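# Observations on the three-dimensional arrangement
Here is how the chains run, residue by residue.
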Amino acid sequence: PLINDMVDSWECGVKFSKTACYPTGRLTRSAIALAVCNLPATRHLAAFTGTGSHFYCSTCNCYHKTTYGRVDFESWELWDKDRLREYAKQWRDAATTSECERLFKDHGVRYSELWCLPYWDPPRQLVIDPMHCILEGLVQHHTHNLLG
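Predicted model, so just to flag it, every value in this text is computed and none were measured. Within every chain, residues take consecutive numbers counted from 1 along the sequence as written. Local features in this predicted model are restricted to residues whose pLDDT is 70 or higher, and side-chain atom pairs enter the listing and the counts only when it is 80 or higher, whereas totals over whole chains, interfaces and linings include all residues. Calculated side-chain values reflect all of the structure's heavy atoms, with hydrogen atoms and water omitted.

### Structural notes on the pattern of salt bridges
A side chain with one charge can pair with a side chain of the opposite charge if their charged atoms come near. Counted as salt bridges are all cases of a side-chain nitrogen of Lys or Arg within 4 Å of a carboxyl oxygen of Asp or Glu. Under the definition given, this model contains three salt bridges. In this structure, Asp 93 and Arg 92 form a salt bridge, with 2.9 Å as the shortest nitrogen-oxygen distance. Any residue under 20% of the maximum accessible area for its type is buried, any over 50% is exposed, and the rest in between are partly exposed; the area is computed with a 1.4 Å probe on protein chains only. Taking relative accessible area as the criterion, Arg 92 reaches 40% and is therefore assigned partly exposed. Its salt-bridge partner being Asp 121, residue Arg 124 comes within 3.6 Å of it at the nearest N-O pair. Owing to a relative accessible area of 32%, Arg 124 belongs among the partly exposed residues under this scheme.

### Observations concerning the packing of helix H3 (residues 81–93) against helix H4 (residues 97–107)
Every axis corresponds to a line fitted to the C-alpha atoms, with the helix fit spanning only the stretch in contact, and the corresponding angles, defined between N-to-C directions, vary from 0 to 180 degrees. Numbered from the N terminus, helices here are DSSP runs of H or I no shorter than four residues, and strands are runs of E no shorter than two. Where H3 contacts H4, the axes come no closer than 8 Å and their chain directions differ by 165 degrees. The orientation of H3 relative to H4 falls into the category roughly antiparallel. The hand of the H3/H4 crossing is left-handed. For the pair H3 and H4, the contacting residues are Tyr 87, Gln 90 and Trp 91 in the first and Cys 100, Leu 103, Phe 104 and His 107 in the second. Residue classes follow a fixed rule: Ala, Val, Leu, Ile, Met, Phe, Trp, Tyr, Cys and Pro count as nonpolar, while Asp, Glu, Lys and Arg count as charged, and any other residue, Gly among them, counts as polar. Residue composition of the contact of H3 with H4, grouped by class: five nonpolar, two polar and no charged. Any angle that falls under 35 degrees is termed roughly parallel, while one over 145 is termed roughly antiparallel, one within 65 to 115 roughly perpendicular, and all others oblique. Helix crossings get a hand from a simple test, with the near helix turned counterclockwise from the far one by less than a right angle marking a left-handed crossing and a clockwise turn marking a right-handed one. The criterion used for residue contact is that any of the two residues' heavy atoms lie within 4.5 Å.

### Concerning unusual backbone geometry
Of note, the phi angle at Ala 47 is positive, near 60 degrees, even though the residue is not glycine. If you trace the backbone, Ala 47 turns up in the loop between helix H2 (39–45) and H3. Judged by its relative accessible area of 10%, Ala 47 falls in the buried class.

### Re H4
Buried residues of H4: Cys 100, Leu 103, Phe 104 and His 107, and no others. Buried residues of H4, seen end-on, are gathered within an arc of 100 degrees and therefore sit on one face of the element. Exposed residues lying more than 90 degrees from the buried face of H4 are Ser 98, Glu 101 and Lys 105. The inward-facing, buried residues of H4 contact H3. Working definition: the arc comes from the directions between the helix axis and the C-beta atoms, pointing outward to the latter.

### Points about the side chain of Arg 85
Looking at the element boundaries, Arg 85 is found in helix H3. Note that His is not counted, nor are the chain ends; the positive residues are Lys and Arg, and the negative ones are Asp and Glu. One buried charged side chain, Arg 85, makes no salt bridge at all; its nearest oppositely charged neighbour is Asp 82, positioned 4.8 Å away. Look past the residues within four positions of Arg 85 in its chain and what remains in contact with it is Trp 115, Leu 117, Pro 118 and Trp 120.

### Comments concerning the packing of aromatic side chains
For Phe, Tyr and Trp, where Trp contributes only its six-membered ring, two rings pair if their centres lie within 6.5 Å, and the inter-plane angle classes them as stacked under 30 degrees, edge-to-face over 60, or tilted in between. Considering all chains together, one arrives at one aromatic pair under this definition. Between Trp 10 and Tyr 119, the aromatic rings sit 4.6 Å apart at their centres with planes inclined by 55 degrees, giving tilted as the arrangement. Note that Trp 10 is positioned in helix H1 (residues 2–11) and Tyr 119 in the loop between H4 and helix H5 (122–125), a separation of 109 residues in sequence. The exposure class assigned to Trp 10 is partly exposed, which follows from its relative accessible area of 37%. A relative accessible area of 13% means that Tyr 119 is categorised as buried. The residue whose ring lies beneath Arg 92 is Tyr 111, and the NZ or CZ to ring-centre distance is 4.9 Å. Whether a charge lies above a ring is judged from NZ of Lys or CZ of Arg, which has to be within 6 Å of the ring centre and within 35 degrees of the ring normal. Cation over ring: Arg 110 sits above Phe 104, and NZ or CZ is 3.7 Å from the ring centre.

Written as structure tokens, this is what we have:
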């Protein structure tokens with residue numbers, strides 16, 4: 001129900017009859033802008049593979065453990081949220097458990113209720129390990145450069 005409420009708030013808005021600044025009321029819209037978690041919780045929340053998987057990055061589509069340590073970031077491609085959404089829906093709609101397992105192994109994502117949110121974009125909305133990211137300036141980079 002929380003996700004359904006968030007969808008309604010995003011699409012239809014919520015009317016407040018009166019606020020301190022708007023005595024005649026105000027229509028607002030709400031969204032989940034960022035999900036701030038440690039790495040294992042982020043992977044679980046987004047229904048991605050675990051941290052030991054070949055799909056080790058939740059932001060770009062770097063694949064396979066043999067590519068750890070790549071520094072050619074100019075050639076990294078950001079995950080396409082529409083493609084991730086399609087993979088998640090395929091997993092959700094799979095007819096058998098073995099088909100689910102095959103899809104998960106091939107694409108590294110399961111279905112999460114967060115995919116009900118029309119704006120959900122895990123590569124842009126997931127912030128990992130805030131305790132260390134804040135100290136290293138990565139949260140600021142994520143919010144200013146990736147979210148715009």
